[in-house]
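# Summary of structural features
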Amino acid sequence: MIGQQIANSLERRTGVSLWRQIADQILHSIAIGDFAENAALPPEVALAERYGVNRHTVRSAIAALVQDGVLRAEQGRGTFVLSRKRLSYPIGARTRFSEGLQGQASERRSVLLESAVEPASRRVAEGLGLAKGSSVIRLETRGEADGQPVSRATGWFDAGRFAGIDAAMAETGSVTASFQRFGIGDYLRQSTVLSARHADAADLADLDLQPGAIVLVTVAVNVTPDGQPIQFAETRFPAERVELKLSAL
């Protein structure tokens, strides 16, 4: 009965491959403790019956999770769950990438991938308190922890106030340090909206994910202590590597 319920939970007309859906369900089972760390997964035949698919589909799901470092396959013994704790990223009044991962990763850095000056869309303009079409600087960055991609962010800044922030970000690798060059010693998180979706092609490449992987998405506004908006940002976190921990803003 339970196996039939699990099989029925697979969506066969969503455009997401069955093997990816099974991989996501195995990840969920690991997260909630159904499959303990270092324990063996059930045999392929049992998993195929559980999910209502053939063994080839199960094998594809397992192969993807082995590549992602979630499982390990041992010839003649089976497939085992690796001991791998997700990073916990705090979101609160002062949300900082490097500080948020302190104690969880020895090396933390943000890399500037791209920058551009462009007219603000309605969403960006509202977030920054500007008129639609105002000139803004867009920064594309990737956060890394111990060499592994853990976030992919798009941030927008008022081009009039923050001309040169792209160069500052490229040099410092830090939004906080870049703001300091413009006389902003402290800033606060005004709002954060959370959602989740499948990673698009760009995020799959930049975060080194398999097709169909889930990303956690935050859309946030940062402000100066007196309430002036200084950054509007959308950040994507790979759900298999990062969990978001919310605290009061």
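The structure presented is a predicted model; accordingly, all values stated were derived computationally and were not measured.

## Quick notes on helix α2 (residues 18–31)
Note that an α-helix has 3.6 residues per turn; residues three or four places apart therefore point the same way. With 14 residues, α2 should cover 20 Å at 1.5 Å per step; its first-to-last C-alpha distance of 20 Å lies within 8% of that length. Every buried residue of α2 is accounted for by Arg20, Gln21, Ile22, Ala23, Asp24, Ile26, Leu27, Ser29 and Ile30.

## A look at the sheet that holds strand β8 (residues 214–223)
Across the sheet, which stays open at both edges, the six strands sit in the order β4-β5-β6-β9-β8-β7 with antiparallel pairing between neighbours. The outermost strands of the open sheet, each flanked by one partner alone, are β4 (108–119) and β7 (188–198). Neighbour-to-neighbour, the strand axes of this sheet turn through a mean angle of 20°, independent of strand direction. Note: β7 against β8, 10 bridges, orientation antiparallel. When the sheet's bridge partners are listed, Leu194 is paired in β8 with Thr218.

## Details of the domain arrangement of the protein chain
Along its sequence, the protein chain is carved into domain 1 (2–81) and domain 2 (87–246). The C-alpha centroid of domain 2 is placed 33 Å from the C-alpha centroid of domain 1. Contacts between the two partners involve eight residues from domain 1 and, on the opposite side, seven residues from domain 2. Of the roughly 650 Å² buried between domain 1 and domain 2 on both sides combined, carbon and sulfur atoms contribute 49%. Here domain 1 and domain 2 share zero salt bridges between them. Inspection of the region where domain 1 meets domain 2 yields zero residue pairs in polar contact (both at pLDDT 80 or more). Contributing elements (two or more residues each) for the side of domain 1 that touches domain 2: α2 and α4 (55–67). It is α2 that provides the largest number of residues to the side of domain 1 that touches domain 2, a total of four residues. Looking at the side of domain 1 that touches domain 2 residue by residue, the classes come out as four nonpolar, one polar and three charged.

## Things to note about the packing of helix α3 (residues 44–51) against α4
At a closest axis distance of 9 Å, the pairing of α3 and α4 adopts a crossing angle of 105°. What the angle tells us is that α3 and α4 run roughly perpendicular. Across the interface between the two elements, Glu44, Val45, Leu47 and Ala48 from α3 touch Arg55, Val58, Arg59 and Ile62 from α4. Tallied by class, the residues present in the contact of α3 with α4 amount to five nonpolar, no polar and three charged.

## Details of the confidence of the model for the protein chain
For the protein chain, per-residue confidence averages 89 on the pLDDT scale, and residues scoring 70 or more make up 92% of the total. At the low end of the mean pLDDT range in the protein chain sits helix α1 (residues 2–8), at 45; at the high end sits helix α6 (residues 122–128), at 98.

## Section: the environment of Gly147
Positionally, Gly147 belongs in the loop between β5 (135–145) and β6 (148–158). Its relative accessible area of 57% is what places Gly147 among the exposed residues. Sequence separation between Gly147 and Asp208 is 61 residues, and the spatial gap between their C-alpha atoms is 12 Å.

About the criteria used
- Residues numbered from 1 in each chain as written.
- Predicted model: local features only at pLDDT ≥ 70, side-chain atom pairs only at ≥ 80, totals over all residues.
- Heavy atoms only, no water.
- Helix = DSSP H or I, 4+ residues; strand = E, 2+ residues; numbered from the N terminus.
- Expected span 1.5 Å × (residues − 1).
- Buried < 20%, exposed > 50% of the residue type's maximum accessible area, 1.4 Å probe, protein only.
- Pairing = 2+ DSSP bridges.
- Axes fitted to C-alpha atoms, helices over the stretch in contact; angles between N-to-C directions.
- Domains from an automatic or database assignment.
- Contact = heavy atoms within 4.5 Å.
- Buried area = accessible area lost by both parts, 1.4 Å probe.
- Salt bridge = Lys/Arg side-chain N within 4 Å of Asp/Glu carboxyl O.
- Polar contact = N/O pair within 3.5 Å; in protein donor to acceptor, adjacent residues only side chain to side chain.
- Nonpolar A, V, L, I, M, F, W, Y, C, P; charged D, E, K, R; others polar.
- Parallel < 35°, antiparallel > 145°, perpendicular 65-115°, else oblique.
- pLDDT = per-residue confidence, 0-100.

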